[in-house]
Amino acid sequence: MDTITVRTNSRVEFVEISGPVRKWLKGQGVESGVLTLYVPHTTAGITINEHADPDVVRDLTMELNKVIPFDDNYRHLEGNAAAHIKSSLIGASTQVIVAGGDLVLGTWQGIFFAEFDGPRTRKVHLQLTSA
Ligand code: ZN
């Protein structure tokens, strides 16, 4: 397992990490397999969505903030209940097929680290299974 670091700058933010993940993958010397990306945090997540138009993740952010308000008489006393809920909705892991030594992503797809309680320095664990 390897780990990449992601620095976030906002409370809620989608940070595209396809570039650093591809760079890491090139160094692995694996042509074919499956890459698992896992976020070891309870107030963040990871997802694949459109990277061509930055308004897609802006809209995603806006709607998540509407559906899960920051304050709603939550019982969790730490003050970040909304971030925990968003984390579970988006999920803590994703997988991408590796072929020809590269990620198999659609033209419009990017891998996004999803920050819900930033800004912070975060981790994404990477585990490559050769096939
Ligand atoms: Zn909490």
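Treat the numbers as computed from the prediction; the structure is a model and nothing was measured.

Calculation criteria
Residues numbered from 1 in each chain as written. Predicted model: local features only at pLDDT ≥ 70, side-chain atom pairs only at ≥ 80, totals over all residues. Heavy atoms only, no water. Helix = DSSP H or I, 4+ residues; strand = E, 2+ residues; numbered from the N terminus. Rg over C-alpha atoms; globule rule 2.2 N^0.38 Å. Buried < 20%, exposed > 50% of the residue type's maximum accessible area, 1.4 Å probe, protein only. Areas by Shrake-Rupley, 256 points an atom, 1.4 Å probe, with all protein chains shown as cover. Lys, Arg positive; Asp, Glu negative; His and termini not counted. Charge placed at Lys NZ, Arg CZ, Asp CG, Glu CD. Pairing = 2+ DSSP bridges. Donors = N, O, S within 2.8 Å, 3.2 Å for Na, K, Ca; no water. Tetrahedral: all angles 85-135°; square planar, octahedral: opposite > 155°, others 65-115°. Salt bridge = Lys/Arg side-chain N within 4 Å of Asp/Glu carboxyl O. Contact = heavy atoms within 4.5 Å. Polar contact = N/O pair within 3.5 Å; in protein donor to acceptor, adjacent residues only side chain to side chain.

1. Description of the overall build of the protein
- Check the secondary structure of the protein and you find three helices and eight strands.
- In the protein, the succession of helices and strands from N to C terminus is β-β-α-β-β-α-α-β-β-β-β.
- The C-alpha radius of gyration computed for the protein amounts to 15 Å, which stays within 12% of the reference 14 Å derived for 131 residues, consistent with globular compactness.
- Looking at the protein as a whole, 41% of its 131 residues qualify as buried.
- A total accessible area of about 7,200 Å² is found for the protein, and carbon and sulfur atoms account for 50% of it.
- Charged side chains in the protein number 12 positive and 15 negative. The centres of these two groups are separated by 6 Å.

2. Structural notes on the sheet that holds strand 6 (residues 102-103)
- In spatial order, the strands read 1-8-3-5-6; together these five strands make up an open sheet with antiparallel pairing. The sheet is open, and its two edges are formed by strand 1 (2-7) and strand 6, each paired on a single side.
- Here six bridges tie strand 3 (residues 33-38) to strand 5 (residues 93-99), and the two strands are oriented antiparallel to one another. Paired with glycine 33 across the bridge in strand 5 is valine 98.

3. Observations concerning the coordination of the zinc ion
- Around the zinc ion, the protein contributes the donor atoms His76 (NE2), Glu78 (OE), Asn80 (OD1) and His84 (NE2), at 1.9 to 2.2 Å from the metal centre.
- Around the zinc ion, the four donor atoms are arranged such that angles at the metal cover 90 to 150 degrees; this shape is classified as irregular.
- One chain supplies every donor for the zinc ion, spaced along it as H-x1-E-x1-N-x3-H.
- A relative accessible area of 55% places glutamate 78 in the exposed class.

4. Remarks on the pattern of salt bridges
- All told, the structure shown has six salt bridges when counted by the stated rule.
- With a shortest N-O distance of 2.7 Å, aspartate 102 and arginine 22 are connected by a salt bridge. Taken together, the positions of aspartate 102 in strand 6 and arginine 22 in helix 1 (residues 18-26) put the pair 80 residues apart, joining distant regions of the chain.
- For aspartate 102, a relative accessible area of 23% corresponds to the partly exposed category.

5. Side note on the environment of glutamate 13
- Summarising the element assignment, glutamate 13 is placed in strand 2 (residues 13-16).
- Remark: the alpha-carbon pair of glutamate 13 and glutamate 78, spanning 65 residues in sequence, is separated by 20 Å.
- Ignoring anything within four residues of it in the chain, the contact list for glutamate 13 reads Thr8, Phe113, Ala114 and Glu115.
- Side-chain polar atoms of glutamate 13 contact the backbone nitrogen of serine 10, separated by 3.1 Å.

Distances and angles like these do not, on their own, reveal function.
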